[in-house]
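# What the coordinates show
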Amino acid sequence: MDVTIYHNPACGTSRNTLDLIRHAGVEPTVIEYLKTPPTRDELVTMIADAGFTVRQAIREKGTPYAELGLDNPDLTDDQLLDAMLKDPILINRPFVITPMGTRLSRPSEVVLDILPADAFMGPFMKEDGERLLDEEGKRIV
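Residues numbered from 1 in each chain as written. Predicted model: local features only at pLDDT ≥ 70, side-chain atom pairs only at ≥ 80, totals over all residues. Heavy atoms only, no water.

### Description of the sheet that holds strand 4 (residues 101–104)
- Across the sheet, four strands lie side by side as 2-1-3-4; this open sheet has mixed pairing. Edge positions in the sheet fall to strand 2 (29–32) and strand 4, since each of these pairs with one other strand and no more. For this sheet the average axis-to-axis angle between neighbouring strands, irrespective of direction, equals 15°.
- Here strand 1 (residues 4–7) runs beside strand 2; their pairing, made up of four bridges, is parallel. (Pairing = 2+ DSSP bridges. Helix = DSSP H or I, 4+ residues; strand = E, 2+ residues; numbered from the N terminus. Axes fitted to C-alpha atoms, helices over the stretch in contact; angles between N-to-C directions.)

### Points about the pairing of strand 3 (residues 95–98)
- Pairing analysis gives three bridges linking strand 1 to strand 3, with the strands arranged antiparallel. Counted as the bridge partner of Tyr6 is Phe95 from strand 3.
- The pairing of strand 3 with strand 4 spans four bridges and is antiparallel. Among the inter-strand pairings, Phe95 is bridged to a residue of strand 4, identified as Leu104.
- Following strand 3, the chain reverses through two residues before pairing antiparallel with strand 4.

### Examining the environment of Lys35
- For Lys35, the location among the structural elements is in the loop between strand 2 and helix 2 (40–49).
- C-alpha of Lys35 to C-alpha of Pro88: the two residues are 53 residues apart in sequence and 8.6 Å apart in space.

### Concerning the nonpolar core
- Formed by 20 residues in total, the largest nonpolar core has its most connected members in Leu43, Ile47, Ile58, Leu70, Met84, Leu90 and Phe95.
- Listing elements by their share of this core, those giving two or more residues are helix 2 and helix 3 (77–86).
- Counting residues per element, this core draws most heavily on helix 3, which supplies four residues.
- Not counting residues within four places of it along the chain, the set of residues in contact with Ile47 comprises Phe52, Thr53, Val54, Ala57, Leu81, Met84 and Phe95. (Core = buried A, V, L, I, M, F, W, Y, C linked by side-chain atoms within 4.5 Å. Buried < 20%, exposed > 50% of the residue type's maximum accessible area, 1.4 Å probe, protein only. Contact = heavy atoms within 4.5 Å.)

Read these as spatial facts, not as claims about activity.
What follows is the structure, encoded as C-alpha cells:
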C-alpha cells in the first residue's frame, strides 16, 4: 500500500500516527514537512481531500498564528495558504495520504479510517498508554 505522511518527529500525535501506519505493516513515505514543505498545489489538494477548509487546516498552538494576525476572519484562503507555505509550522499535522483517502490525523487514530482494518496484528498503544487496538488488532476506540 502506498502511504505518505507529512510528519513532524517532535509531535507526539505525528509519531503515534506513524507508528500506527507501521503497525499495519506499511512503511510509508515520510515527509518531514518542516524541512520539505508541500507545494501550494499539494497543500490545497491535501486539505480539500481531507474535507477541511484552509482555516481548519492551520495550526494555532505553538506557532506564530496569533502574532501574524491569522485569526482575522477577513483573510482569504490564499492569504492563509501563503502564510502556511512561508512558515510550514502553521500547517497542522500529520496529513496522511493512502489509496483509501486523505486525513488530518488528529487525533492519531483517525488514520485507522484509511488503512485496511485487517492489516493490524496485535495490540497497539499510543505513547501515553492509551490503547487503540486490542490483542486481535481490532479497533477499541
